[in-house]
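Structural overview
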Amino acid sequence: MNDIDSSSDLALTEAGAVLAAEAARFASFGWMRGTSGNLSMVTSRDPLRLAVTASGLDKGELTSSDAVLVDDSGAAVNGGRPSAEAALHARIARLTGAGAVVHVHSIAAVAVARRRLDGIVFRDLEMLKGVGRAAHHEDVVLPVIENSQDMAVLGDRLEAARNPLMPAVVVAGHGLYAWGADPRQARHHTEVVEWLLELELAEHPPGPPRHRPSGQGQP
Ligand SMILES: [Zn+2]
């Protein structure tokens, strides 16, 4: 193994330790249930390389060796099986210059996006400072995009809908993507946006379902 390989292995292990700690935190909030969600951080900008959480693992139990190095298309560089959504992480890092990306499957993101497909507008909330916006007198839009199993399609939708002033996008019926300059800032953005979504859900609880199965009507 040459020096470059060993230093990149070290960077991957260090990134893996950071991602494991972040994932354990989000899992404890119930935002990464089952094996859902994935996290990444940029380990090199040129060429672009990201450490991404491996596919199919419980996000509350990750270790420093559970990250996979991927290139700017989300493909594994040195083997391993990255999350299926690695390509979108890489695209967000390229598009926004983010150093870390968080993807969680939270209930609030899915519930709110169900009825706000044109985007979710927040205003006059102190918490908006947490994503770099004014606390007063400014509409702040969190974009919502339609889900897809095709990461190129999902990436195109994200790129088209992205609000450069909001470091997050909700994917309808799926979850939330948020990013930041580094894992710590990406975490703060994730938590602030989740707070905003939970507030929206608390203030506007979903109404009764539009369709009831036959024979299950109200008494
Ligand atoms: Zn997902």
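Presented here is a report on the structure given in the accompanying data block. Bear in mind the structure is a predicted one, so any value in this text is a computation, not a measurement.

**Let's talk about the overall build of the protein chain**
Check the secondary structure of the protein chain and you find 5 helices and 9 strands. The C-alpha radius of gyration of the protein chain comes to 18 Å, within 12% of the 17 Å expected for a compact globule of 219 residues. The dimensions of the protein chain, computed from C-alpha atoms along their principal axes, are 70 × 45 × 30 Å. Each of the 219 residues in the protein chain was classed as buried or not, and the buried ones make up 46%. Within the protein chain, contacts between residues separated by at least 24 positions form 59% of all contacts whose residues are at least 6 apart in sequence. Surface summary for the protein chain: the accessible area is close to 10900 Å², and the carbon and sulfur share equals 51%. Across the protein chain, 20 positive and 27 negative side-chain charges occur, with their mean positions spaced 7 Å apart.

**Observations regarding the coordination of the zinc ion**
Think of it this way: four donors in a tetrahedron around the metal ideally sit 109.5 degrees apart, and six in an octahedron ideally sit 90 or 180 degrees apart. Around the zinc ion, the donor atoms from the protein are Glu85 (OE), His103 (NE2), His105 (NE2) and His174 (NE2), and they sit 2.1 to 2.6 Å away. For the zinc ion, the 4 donor atoms are set out with angles of 79 to 177° between them, so the coordination reads as irregular. Between consecutive donor residues of the zinc ion, the sequence gaps follow E-x17-H-x1-H-x68-H. Highlighted residues: histidine 105 in the loop between strand E4 (100-104) and helix H3 (107-113) and histidine 174 in the loop between strand E8 (168-171) and strand E9 (175-180), separated in sequence by 69 residues. Residue histidine 174 is classed as buried on the basis of its relative accessible area, which comes to 13%.

**Brief notes about the pattern of salt bridges**
The final tally for this structure, using the stated rule, is 9 salt bridges. Residue aspartate 156 pairs with arginine 91 through a salt bridge whose shortest N-O separation is 2.7 Å. Taken together, the residues aspartate 156 in helix H4 (residues 151-161) and arginine 91 in helix H2 (residues 86-96) connect sequence positions 65 residues apart. Judged by its relative accessible area of 17%, arginine 91 falls in the buried class. Beyond isolated ion pairs, a larger network of salt bridges with shared partners links Arg91, Asp156 and Glu159.

**With respect to the nonpolar core**
Within the largest apolar cluster, 40 residues are counted, with the highest numbers of intra-cluster contacts made by Ile120, Phe122, Leu142, Val170, Val193 and Leu197. The element that contributes the greatest number of residues to this core is helix H1 (residues 3-28), accounting for 6 residues. When neighbours within four sequence positions are excluded, valine 193 is seen to be in contact with Val131, Leu142, Met166, Ala168 and Leu176. The next biggest cluster of nonpolar side chains, apart from the first, holds 12 residues, and it includes Ile92, Val101, Met151 and Val171.

**Side note on the packing of H2 against H4**
Close contact between H2 and H4 brings their axes to 9 Å; oriented N to C, the two are set at 30°. Viewed along their axes, H2 and H4 adopt a mutual orientation that is roughly parallel. Crossing angle aside, the handedness with which H2 passes H4 is right-handed. Residues Ala87, Leu88, Arg91, Ile92 and Leu95 of H2 form the contact with H4, whose own contacting residues are Met151, Ala152, Leu154, Gly155, Asp156, Leu158 and Glu159. Counted by class, the contact of H2 with H4 contains 8 nonpolar, 1 polar and 3 charged residues.

**Here's the deal with the pairing of E9**
Across the 6 residues of E9, 6 count as buried, placing the element largely inside the fold. When E4 meets E9, the two strands line up antiparallel, connected through 5 bridges. Opposite histidine 103, over in E9, you have tyrosine 177 as the bridge partner. Pairing geometry for E8 and E9, over 4 bridges, is antiparallel. Paired with valine 171 across the strands is glycine 175, a residue of E9. The antiparallel hairpin formed by E8 and E9 contains 3 residues in its connecting segment, where glycine 173 sits at a positive phi of about 65°.

**A word on the sheet that holds E4**
One open sheet holds the 7 strands; their spatial order is E3-E2-E1-E4-E9-E8-E7, and the pairing between them is mixed. Two strands in the sheet have a free side with no partner beyond their single neighbour: strand E3 (67-70) and strand E7 (144-145). H2 rests against strand E1 (38-45), strand E2 (48-53), E3, E4 and E9 of the sheet, and its axis sits at about 135° to E2.

Calculation notes
- Residues numbered from 1 in each chain as written.
- Predicted model: local features only at pLDDT ≥ 70, side-chain atom pairs only at ≥ 80, totals over all residues.
- Heavy atoms only, no water.
- Helix = DSSP H or I, 4+ residues; strand = E, 2+ residues; numbered from the N terminus.
- Rg over C-alpha atoms; globule rule 2.2 N^0.38 Å.
- Buried < 20%, exposed > 50% of the residue type's maximum accessible area, 1.4 Å probe, protein only.
- Contact = heavy atoms within 4.5 Å.
- Areas by Shrake-Rupley, 256 points an atom, 1.4 Å probe, with all protein chains shown as cover.
- Lys, Arg positive; Asp, Glu negative; His and termini not counted.
- Charge placed at Lys NZ, Arg CZ, Asp CG, Glu CD.
- Donors = N, O, S within 2.8 Å, 3.2 Å for Na, K, Ca; no water.
- Tetrahedral: all angles 85-135°; square planar, octahedral: opposite > 155°, others 65-115°.
- Salt bridge = Lys/Arg side-chain N within 4 Å of Asp/Glu carboxyl O.
- Core = buried A, V, L, I, M, F, W, Y, C linked by side-chain atoms within 4.5 Å.
- Axes fitted to C-alpha atoms, helices over the stretch in contact; angles between N-to-C directions.
- Parallel < 35°, antiparallel > 145°, perpendicular 65-115°, else oblique.
- Left-handed = near helix turned anticlockwise from the far one by under 90°.
- Nonpolar A, V, L, I, M, F, W, Y, C, P; charged D, E, K, R; others polar.
- Pairing = 2+ DSSP bridges.

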